[in-house]
Amino acid sequence: LKLRRSMLCDGLGGNWALVAALLPHAMHFGWLMAATLVNVNGSLAYMQRVISGNGMTTAAVASAGVATAIYGGIALERRAPAVALVGTWALTAIAYDMAQRESGDRPGYADDTVRYVKGACRVGAVLCAGMALLAWLPDSVLERAAIELPRLAC
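Residues numbered from 1 in each chain as written. Predicted model: local features only at pLDDT ≥ 70, side-chain atom pairs only at ≥ 80, totals over all residues. Heavy atoms only, no water.

**Quick notes on the environment of A80**
Within the secondary structure, A80 is located in the loop between α2 (53-78) and α3 (81-103). A C-alpha to C-alpha distance of 9.7 Å links A80 and M131, two positions 51 residues apart in sequence. (Helix = DSSP H or I, 4+ residues; strand = E, 2+ residues; numbered from the N terminus.)

Following this line, the structure appears as structure tokens:
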């Protein structure tokens, strides 16, 4: 399949030059966003005296939802599947960490919090993977399936 031109469209020569220039940026952006959300949740956990356990659980589950929406939205809007794949990777890693805490291999949160966050991250990871696939598919396949994504103005 011919690689799709995203973000910069024409300025870089060939498709491989485009991939070489954009892939590291997309991955870096994805990891910066993941680190930001982890740090926000870490700050909330540190303020445990101010926020109840239910508030922390809600914030963690909401962060997984926000991450899924941002990763998937950017992937579909900019036709940049690498961003959503980084989201899949990050959310899968968090779900794995929560599974280790649930099994007792790592100390951590209360059981309900772990179960909810693990579930939200697993769902988010699957959704991000699906949106990455949609962003990667050629226009001809999307048209046959009657799926309409933003067209790049190049």
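**A few points about the pattern of salt bridges**
Scanning the entire structure with this criterion turns up two salt bridges. Here D97 ties to R101 by a salt bridge, and the two come within 2.9 Å at their closest N and O atoms. Here D97 pairs with R101, and both are found in helix α3, just four residues apart, close to one helical turn. The same class applies to D97 and to R101, which are both buried. In this structure, E102 and K118 form a salt bridge, with 2.4 Å as the shortest nitrogen-oxygen distance. Of this pair, E102 sits in helix α3 while K118 sits in helix α4 (residues 111-136); the two residues are 16 residues apart in sequence, bridging distant segments of the chain. On the accessibility criterion, K118 (12% relative accessible area) is buried. (Salt bridge = Lys/Arg side-chain N within 4 Å of Asp/Glu carboxyl O. Buried < 20%, exposed > 50% of the residue type's maximum accessible area, 1.4 Å probe, protein only.)

**A few points about the environment of L85**
As for its placement among the helices and strands, L85 is situated in helix α3. Classification of L85 as partly exposed rests on a relative accessible area of 47%. When the C-alpha atoms of L85 and L133 are compared, they prove to be 9.0 Å apart, with 48 residues separating the residues in sequence.

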